[in-house]
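Given next are the chains, with one letter for each unit.
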Amino acid sequence: MKRLSTVSGVIAAAIGCAGCATYSYETTPVGRLEGQLLVVWVEEDHFIYWPAPEDPLRFHLSPQLARKTGVEVVRPGLMYTDGGSIPRQLRSLKGFSPWGYAPAYIVHDWIFRAHHCVVHAPDVVNDPKDGAEYAKVAKFDFDASVEVLAEVMKTLMDVDGTVAKNTGAFDAISYAVETPFVERVWNDPNPDSCKRVDARHRRMVEGALAGASGPRVFSSRIGMAGRVAPETPAVVFRYRFGR
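Everything in this summary refers to the structure shown in the same document. (Residues numbered from 1 in each chain as written. Predicted model: local features only at pLDDT ≥ 70, side-chain atom pairs only at ≥ 80, totals over all residues. Heavy atoms only, no water.)

**Overview of the nonpolar core**
In this structure, Leu37, Val39, Tyr101 and Val148 are the most contacted members of the largest nonpolar core, which totals 55 residues. When neighbours within four sequence positions are excluded, Val148 is seen to be in contact with Phe59, Leu61, Leu65, Val107, Ile111 and Phe140. Val40, Leu78, Tyr80 and Val197 belong to the second-largest nonpolar core, a separate cluster that totals 10 residues. (Core = buried A, V, L, I, M, F, W, Y, C linked by side-chain atoms within 4.5 Å. Buried < 20%, exposed > 50% of the residue type's maximum accessible area, 1.4 Å probe, protein only. Contact = heavy atoms within 4.5 Å.)

And the structure:
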């Protein structure tokens, strides 16, 4: 989602208040990531998380959070995403890339997106396969959305080893997403907060992944993504966890 535009300013402030977070690195339990992370850029400022049909991204919650929510596994569904809403002036800092903790941002985006659809538009389902996943998100409250983000971030750092351990980034981002500003986004009364993926974009991605329009893997210069529309859909991320 145009994800919590208020978070940008909050993260900037949170760097100076990393110890304010409810969920510290030391006390946050870990879960387990598996499946394929697949993000496709379809046009300017439009990225789509595409659940891989054979092996979509999944996050197994820690036993503690699974007991609290009644949900053991979160599988993000088809949606628009913009990664993490990191202010541009902070993106040069280690740990503050908008895609640096991509699985955590995708899972968090999904929980917000699905929550808004459950509340405002229960009939809006981007993909029939996602129906059960919307039902899972209906069990989450705002605090659980924060806990899930924290667990995915720590899992990336502490278990999966995909990214380096960075407790400062962990604390700042965890704090940013639990503030009242973000809670207001969670409680957004605007029905438009539930947004269906455009059929044209779906066809573009389906054709690209099938090889019909020649999908391109985007270079490592992720910072440029979104400024110029691609001529054909570009795969920004394709990474498999649990290999």
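**Let's talk about helix H5 (residues 142-160)**
Over its 19 residues, H5 extends 26 Å from the first C-alpha to the last, a length consistent with the 27 Å expected when each residue adds 1.5 Å. The element H5 is extensively covered by neighbouring structure, given that 15 of its 19 residues are classed as buried. Between the side-chain oxygen of the N-cap and the backbone nitrogen of Asp143 there are 3.3 Å, and the N-cap of H5 in question is Asp141. Note on H5: the residue one or two positions beyond its end, Gly161, has a positive phi of about 75°. (Helix = DSSP H or I, 4+ residues; strand = E, 2+ residues; numbered from the N terminus. Expected span 1.5 Å × (residues − 1). Polar contact = N/O pair within 3.5 Å; in protein donor to acceptor, adjacent residues only side chain to side chain.)

**Focus: the environment of Asp158**
Residue position: Asp158 is located in helix H5. Using a relative accessible area of 46% as the deciding quantity, one classes Asp158 as partly exposed. Between the C-alpha atom of Asp158 and that of Val30, which follows or precedes it by 128 residues, the distance is 7.9 Å. Apart from the residues within four sequence positions on either side, Asp158 is in contact with Tyr25 and Val30.

**Things to note about the packing of helix H3 (residues 102-120) against H5**
One can describe the packing of H3 onto H5 by two numbers: an axis separation of 8 Å at closest approach and a directional angle of 165°. The orientation of H3 relative to H5 falls into the category roughly antiparallel. Here H3 runs over H5; the crossing is right-handed. Of the residues in H5, those in contact with Pro103, Ala104, Tyr105, Val107, His108, Ile111 and Phe112 of H3 are Phe142, Ser145, Val148, Leu149, Val152, Met153 and Leu156. Of the residues belonging to the contact of H3 with H5, the class tally is 12 nonpolar, two polar and no charged. (Axes fitted to C-alpha atoms, helices over the stretch in contact; angles between N-to-C directions. Parallel < 35°, antiparallel > 145°, perpendicular 65-115°, else oblique. Left-handed = near helix turned anticlockwise from the far one by under 90°. Nonpolar A, V, L, I, M, F, W, Y, C, P; charged D, E, K, R; others polar.)

**Structural notes on the packing of aromatic side chains**
This structure, assessed with the given rule, holds seven aromatic pairs. One aromatic cluster is present, built from ring pairs that chain together Phe112, Phe142 and Trp186. The positively charged end of Lys154 is found above the aromatic ring belonging to Tyr25, 4.9 Å away from the centroid. A cation over an aromatic ring shows up here: Lys195 above the ring of Tyr80, its NZ or CZ 5.0 Å from the ring centre. (Phe/Tyr/Trp six-rings, centres within 6.5 Å; stacked < 30°, edge-to-face > 60°. Lys NZ or Arg CZ within 6 Å of the ring centre and 35° of its normal.)

**Side note on the pairing of strand S1 (residues 32-43)**
Sheet faces and side chains relate simply in a regular strand, where the side chains alternate between the two faces. For S1, the buried fraction is high: 10 of the 12 residues fall into the buried class. Here seven bridges tie S1 to strand S7 (residues 234-241), and the two strands are oriented antiparallel to one another. The residue of S7 that forms the bridge with Leu37 is Tyr239. (Pairing = 2+ DSSP bridges.)

**Comments concerning the packing of H5 against helix H6 (residues 167-176)**
How two helices sit against one another is set out by the angle between their axes and by the gap between those axes. One way to put it is that H5 packs onto H6 with a least axis distance of 10 Å and a crossing angle of 165°. Between H5 and H6, the interaxial angle falls into the category roughly antiparallel. Once H5 is placed against H6, the crossing between them reads as right-handed. Packed against H5, whose contacting residues are Val146, Leu149, Ala150, Met153, Lys154 and Met157, the element H6 presents Ala169, Phe170, Ile173 and Ser174 at the interface. Along the lines of polarity and charge, the residues of the contact of H5 with H6 split into eight nonpolar, one polar and one charged.

**What about the environment of Glu26?**
One can find Glu26 in the loop between helix H1 (5-14) and S1. Glu26 sits in the exposed class, given a relative accessible area of 59%. On a C-alpha basis, the gap between Glu26 and Thr167 in space is 8.8 Å, while along the polypeptide they are 141 residues apart. In contact with Glu26, other than residues within four places in its own chain, are Lys154 and Thr167.

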